Amino acid sequence: MEHIVSKQWLLARLYEPDLVIVDCRFALGKPESGRTDYEEAHIPRAIYLDLEKDLSAPVARHGGRHPLPDMEQLALALGKAGIHRGVRVVIYDDQGGAMASRLWWLLQYTGHRQAYVLDEGFTAWKNASYPVTNEQPVVIPVTYELSLKPAMLASMEDVRAASKDGSNIIIDSREPRRYAGFEEPLDAKAGHIPGAVNYFWKGVQDSSGHWKNADALREHFAELPKDAGIIVYCGSGVTACPNVLALKEAGFTKVKLYAGSWSDWISYAENPIATGEK
């Protein structure tokens, strides 16, 4: 796997100086719980980055529930965490890789290629009797240099065009019942973007919580043409990121994130909404 590392891999390299470990645990609706959990116990040397404070901008009229952060602010946060071009970054959470994948995507988008998501997550690490600590590391701040990759990002206008003309495949990463519009626990309107197909993000992992290997991911996405342009969204641009990562692992090269996602789409009254399972 190109973007996923095992807990055994990390354990063997835990104290290598060119490694930065980031804890991204976060629970929707309980915004302080991730930091609290980090302060109680985390992987040694790990620093904490918060989904809403560090990896998102404040909510506005448009942009969705977790707008992309201001890139200069993000660069400051990454530099403060000791991240620069010369380090490898391993990211973990306890949410199936959803939060970790958001930071993985942001690092890729800002030009940092050596970013990896830890398979399984913190609980599996702890249950394996691997080391944990409540000591917070002393980090020497560095400069994080931005090198944005705009081809990784789709705008609302790009999505609107793809919805009308089919120029890109649109993937909805939410649970099937939310995609169909049968239920909507988080956003003001239910349904999906017209033309979108549903690939629930947890489908990129097996029943034991491991990420599927590249062959299994190619099989998972077998109905998608390899050379197609693909735009991925979810509710707020977070759980779409595991699907983006998985598509990359499966060999798809033209994959974009619609960062505002469903919560941004419905903020435009004129945007159409589809319901049902197709």
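Residues numbered from 1 in each chain as written. Predicted model: local features only at pLDDT ≥ 70, side-chain atom pairs only at ≥ 80, totals over all residues. Heavy atoms only, no water.

Across its full length, the chain holds 10 helices and 9 strands. Projected onto the principal axes, the alpha-carbon positions of the chain cover approximately 50 × 40 × 35 Å. By the burial criterion, 52% of the 278 residues in the chain qualify as buried. Long-range contacts, defined as pairs at least 24 residues apart, comprise 77% of the intrachain contacts of the chain with a sequence gap of at least 6. When the accessible surface of the chain is split by element, carbon and sulfur atoms take 51% of a total near 12400 Å². Charged side chains of the chain number 30 positive and 36 negative; the gap between the two group centres comes to 2 Å. (Helix = DSSP H or I, 4+ residues; strand = E, 2+ residues; numbered from the N terminus. Buried < 20%, exposed > 50% of the residue type's maximum accessible area, 1.4 Å probe, protein only. Contact = heavy atoms within 4.5 Å. Areas by Shrake-Rupley, 256 points an atom, 1.4 Å probe, with all protein chains shown as cover. Lys, Arg positive; Asp, Glu negative; His and termini not counted. Charge placed at Lys NZ, Arg CZ, Asp CG, Glu CD.)

Another point: the nonpolar core. V22, I43, I83 and W105 are the most contacted members of the largest nonpolar core, which totals 70 residues. At 8 residues, the largest contribution of residues to this core is made by helix α4 (residues 98–109). When sequence neighbours within four positions are dropped, the list of residues in contact with I83 reads V20, V22, L78, V89, L107, H112, V142, T143 and Y144. Within the second largest apolar cluster, 15 residues are counted, among which are I170, Y179, Y233 and Y268. (Core = buried A, V, L, I, M, F, W, Y, C linked by side-chain atoms within 4.5 Å.)

Below, the discussion takes up the packing of α4 against helix α9 (residues 240–249). Each pair of packed helices gets described by two things: the angle between the helix axes and the distance between those axes. Direction vectors running N to C along α4 and α9 enclose 65°, while the axes themselves pass 8 Å from each other. Relative to α9, the element α4 is oriented roughly perpendicular. When the axes of α4 and α9 are compared, the crossing they make is left-handed. Note on element contacts: α9 touches α4 through C241, P242, V244, L245 and K248, opposite A98, S101, R102, W104 and W105. A class-by-class count of the residues in the contact of α4 with α9 yields 7 nonpolar, 1 polar and 2 charged. (Axes fitted to C-alpha atoms, helices over the stretch in contact; angles between N-to-C directions. Parallel < 35°, antiparallel > 145°, perpendicular 65-115°, else oblique. Left-handed = near helix turned anticlockwise from the far one by under 90°. Nonpolar A, V, L, I, M, F, W, Y, C, P; charged D, E, K, R; others polar.)

At R45, a position not held by glycine, the phi torsion is positive, near 80°. Here R45 lies in the loop between α2 (33–40) and β3 (47–48). With a relative accessible area of 28%, R45 lands in the partly exposed category.

On to the pairing of strand β4 (residues 88–92), then. For β4, a buried count of 5 out of 5 residues is recorded, marking the element as mostly surrounded by other parts of the structure. Neither face of β4 is open: one carries R88, V90 and Y92, the other V89 and I91, and all of them are buried. Alignment of strand β2 (residues 19–23) against β4, held across 5 bridges, turns out to be parallel. Looking across to β4, one finds that D23 is bridged to Y92. As defined by bridge partners, β4 adjoins strand β5 (residues 115–118) across 3 bridges and the pair is classed as parallel. Bridged to V90 within β5 is Y116. A crossover connection joins β4 to the parallel β5 through α4; in handedness this β-α-β unit is right-handed. (Pairing = 2+ DSSP bridges. Right-handed = clockwise from strand over helix to strand, strands pointing away.)

Here we come to the sheet that holds strand β9 (residues 255–257). Pairing within the open sheet is parallel, and its 4 strands lie in the order β7-β6-β8-β9. At either end of the open sheet lies a strand with only one pairing partner, and these are β7 (197–198) and β9. Examined bridge by bridge, strand β8 (residues 230–233) and β9 share 3 bridges and lie parallel to one another. Considered in β9, the bridge of I231 is made with K256.

Quick look at the sheet that holds β3 now. Strand order across the open sheet formed by 5 strands is β1-β5-β4-β2-β3, with parallel pairing between neighbours. Of all strands in the sheet, those with a lone pairing partner are β1 (4–5) and β3, marking the two edges. Relative to β3, β2 is paired through 2 bridges, and the arrangement is parallel. Among the inter-strand pairings, V22 is bridged to a residue of β3, identified as I47. The strands touched by α4 are β2, β4 and β5; relative to β5, the strand with the most contacts, the crossing angle is about 175°.

This part covers the environment of L19. Secondary-structure assignment places L19 in strand β2. Linking L19 and V89, residues 70 residues apart in sequence, is a C-alpha distance of 6.0 Å. For L19, the residues in contact, after removing those within four places along its chain, are W9, L10, R13, L14, R45, R88 and V90.

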